[in-house]
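# Topology and contacts: notes
Here are the chains, one letter per residue:
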Amino acid sequence: MTPCIFNLGTGEVVVIVVVILLLFGAKRIPELARSLGKGIRSFKSGMNDISDEISRPADKQD
C-alpha cells in the first residue's frame, strides 16, 4: 500500500474522488478548481502586499 497525501492510502483517495464527482458533477469541478486557484492567488498577493508594507522603511511610507 503506497501512502498518499495526508497519510491516506490509495483506496481512500479513490473513494474521496468518487464522492466529490458524485456531489459536484464532472462539469462543475473545473469551475470550482479555477475559483479556488483565484482565491489562493488573491490571498498570496495580499500577503505579499502586507509583507512589503511591513518591510518598507518608515521614512518612505505615505
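Look up: the structure comes first, before these words.
Residues numbered from 1 in each chain as written. Predicted model: local features only at pLDDT ≥ 70, side-chain atom pairs only at ≥ 80, totals over all residues. Heavy atoms only, no water.

## Here's the deal with the overall build of the protein
A tally of helices and strands in the protein yields 2 helices and 0 strands. Counting only residues that meet the buried cut, the protein has 2% of its 62 residues in that class. Total accessible area on the protein stands at roughly 5,700 Å², and carbon and sulfur atoms take up 65% of it. (Helix = DSSP H or I, 4+ residues; strand = E, 2+ residues; numbered from the N terminus. Buried < 20%, exposed > 50% of the residue type's maximum accessible area, 1.4 Å probe, protein only. Areas by Shrake-Rupley, 256 points an atom, 1.4 Å probe, with all protein chains shown as cover.)

## Focus on the pattern of salt bridges
Under the defined criterion, the tally for this structure stands at 1 salt bridge. We note a salt bridge from Glu 53 to Arg 56, for which the minimum N-O separation is 2.8 Å. Residue class for Glu 53 comes out partly exposed when judged on its relative accessible area of 38%. Arg 56 sits in the partly exposed class, given a relative accessible area of 31%. (Salt bridge = Lys/Arg side-chain N within 4 Å of Asp/Glu carboxyl O.)

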